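These are the residues of each chain, in order.
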Amino acid sequence: AIGSPGGPRIITSIYLILFHHLFRGKSLSESVILPRIHHQWSPDEVYVESQDSEVARGLTLRGQHIGQSSMYFGDVQAVQKVSENEVVAISDPRSDGVPWAK
């Protein structure tokens, strides 16, 4: 189970975590920690958590307008059932949440 606040960035945050976990083989905790990008339809801008990142430079070279944002994207909370008796909880390090699962 994965959830996040963040208005239009909720779907982007959840998608990126699922993509990294299910298709790139990252652990769920690694997937939550990775930097995020978000394309906003209106205005037509791409937001990148770290604007001096290689991703931001590559997008700029491809003609994308990088929007100015000083905030992080989402505050993801995730719970994963690892086995019949083990559940792992992950709290996004971008905020001060505490992971807890029972």
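Scroll up to find the structure this text is about.
So, a few notes on the structure that sits alongside this text. Every value quoted in this text rests on a predicted model; they were computed, and no experiment measured them.

Criteria and cut-off values
- Residues numbered from 1 in each chain as written.
- Predicted model: local features only at pLDDT ≥ 70, side-chain atom pairs only at ≥ 80, totals over all residues.
- Heavy atoms only, no water.
- Helix = DSSP H or I, 4+ residues; strand = E, 2+ residues; numbered from the N terminus.
- Buried < 20%, exposed > 50% of the residue type's maximum accessible area, 1.4 Å probe, protein only.
- Contact = heavy atoms within 4.5 Å.
- Areas by Shrake-Rupley, 256 points an atom, 1.4 Å probe, with all protein chains shown as cover.
- Lys, Arg positive; Asp, Glu negative; His and termini not counted.
- Charge placed at Lys NZ, Arg CZ, Asp CG, Glu CD.
- Pairing = 2+ DSSP bridges.
- Arc of directions from axis to C-beta.

**Considerations on the overall build of the protein**
Phase 1: Helix and strand counts for the protein come out as three helices and five strands.
Phase 2: When the helices and strands of the protein are placed in sequence order, the string is β-α-α-β-β-α-β-β.
Phase 3: Projected onto the principal axes, the alpha-carbon positions of the protein cover approximately 50 × 25 × 20 Å.
Phase 4: For the protein, the proportion of its 102 residues judged to be buried stands at 33%.
Phase 5: Restricting to contacts in the protein with at least 6 residues of sequence separation, those with at least 24 account for 38%.
Phase 6: Per element, the accessible surface of the protein, about 6800 Å² overall, is 58% carbon and sulfur.
Phase 7: Where the 9 positive side-chain charges of the protein centre and where its 11 negative ones centre are 4 Å apart.

**Looking at the pairing of strand β5 (residues 86-91)**
Phase 1: The pairing of strand β4 (residues 77-83) with β5 spans six bridges and is antiparallel. Counted as the bridge partner of K81 is V87 from β5.
Phase 2: The hairpin formed by β4 and β5 contains two residues between the paired strands.

**Some details on helix α3 (residues 54-61)**
Phase 1: Turning to α3, its buried residues are A56, G58 and L59. Angular distribution of buried residues about the axis of α3 spans 165 degrees; they occupy a single face of the element. The exposed set on the far side of α3, more than 90 degrees from its buried face, consists of E54 and L61.
Phase 2: The inward-facing, buried residues of α3 abut β3 (45-48).
Phase 3: G63 sits one or two positions beyond α3 and adopts a positive phi of about 90 degrees.

It is worth stressing that arrangement in space is one thing and function is another; only the former is reported here.
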